[in-house]
Amino acid sequence: MDQDGAGTDFSASSSVAGDRTTVVVRGEVDMSTADAMYQAAAGAGVGRAVLDLRGVTFFDSAAIHALIRLVDRFPQGFEVIPSPQVRRVLDISGLSTQPWLAGDEPG
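We now turn to the structure provided with this report. Predicted, not measured: the structure shown is a model, and the values here were computed from it.

Right, let's talk about the overall build of the protein for a bit. Along the protein, the regular secondary structure elements total 3 helices and 5 strands. Scanning the protein from its N terminus toward the C terminus, one meets helices and strands in the order β-β-β-α-β-α-β-α. Counted over contacts in the protein with a minimum sequence separation of 6, partners at least 24 positions apart contribute 62%. Carbon together with sulfur atoms contributes 49% to the accessible area of the protein, which is approximately 5500 Å² in total.

Examined against the element boundaries, S83 turns out to sit in the loop between β5 (78-82) and α3 (84-93). Owing to a relative accessible area of 1%, S83 belongs among the buried residues under this scheme. One polar contact links the side chain of S83 to the main-chain carbonyl oxygen of V56, over a distance of 2.8 Å. Setting aside chain neighbours within four positions, we find S83 in contact with L53, R54 and V56.

Moving on to the nonpolar core. Where a protein is soluble and globular, its nonpolar side chains tend to be buried together. Among the nonpolar cores identified, the biggest contains 31 residues, and V25, V29, M37, L51, L53, F59 and F78 are the most heavily contacted of them. If one sorts the elements of this core by residue count, helix α1 (residues 34-42) sits on top with 7 residues. Contact partners of V29, with chain neighbours within four places excluded, come to F10, A34, M37, V56, F58, F59, D60 and A63.

This brings us to the packing of α1 against helix α2 (residues 61-73). Between α1 and α2, whose axes approach to 8 Å, the crossing angle comes to 15°. Between α1 and α2, the interaxial angle falls into the category roughly parallel. Between α1 and α2 lies a crossing of right-handed hand. In this structure, α1 contributes A34, D35, M37, Y38, A41 and A42 to the contact, and α2 contributes A62, A63, A66, L67, R69, L70 and R73.

On to the pairing of strand β2 (residues 10-17). When β2 meets strand β3 (residues 20-29), the two strands line up antiparallel, connected through 8 bridges. Looking across to β3, one finds that S14 is bridged to V23. Hairpin connection of β2 to β3: 2 residues between the antiparallel strands, including G18 at a positive phi of 65°.

Criteria and cut-off values
Residues numbered from 1 in each chain as written. Predicted model: local features only at pLDDT ≥ 70, side-chain atom pairs only at ≥ 80, totals over all residues. Heavy atoms only, no water. Helix = DSSP H or I, 4+ residues; strand = E, 2+ residues; numbered from the N terminus. Contact = heavy atoms within 4.5 Å. Areas by Shrake-Rupley, 256 points an atom, 1.4 Å probe, with all protein chains shown as cover. Buried < 20%, exposed > 50% of the residue type's maximum accessible area, 1.4 Å probe, protein only. Polar contact = N/O pair within 3.5 Å; in protein donor to acceptor, adjacent residues only side chain to side chain. Core = buried A, V, L, I, M, F, W, Y, C linked by side-chain atoms within 4.5 Å. Axes fitted to C-alpha atoms, helices over the stretch in contact; angles between N-to-C directions. Parallel < 35°, antiparallel > 145°, perpendicular 65-115°, else oblique. Left-handed = near helix turned anticlockwise from the far one by under 90°. Pairing = 2+ DSSP bridges.

Laid out in structure tokens, this is it:
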């Protein structure tokens, strides 16, 4: 499933394997696109999710809210792979120590 935000640089593509969906998000996640990010993951009807945010260039409070909703939606397993911009926002918001946030990968 592809979701395009109106007038923004945004895409969210999901794929399902077994009981896990992987959602790859690119561009800006803000008030106009955060729900599309949420729906791309939550609509898959599976028990676990990986949210790949390595292509995200902007992440605001609406995006954080959608992210927390996804944490609640996937209690069996949820992982976020952040871009540097997303990691910075999560650091500032106090969410950088959450178990669902993937660690830095060697570059």
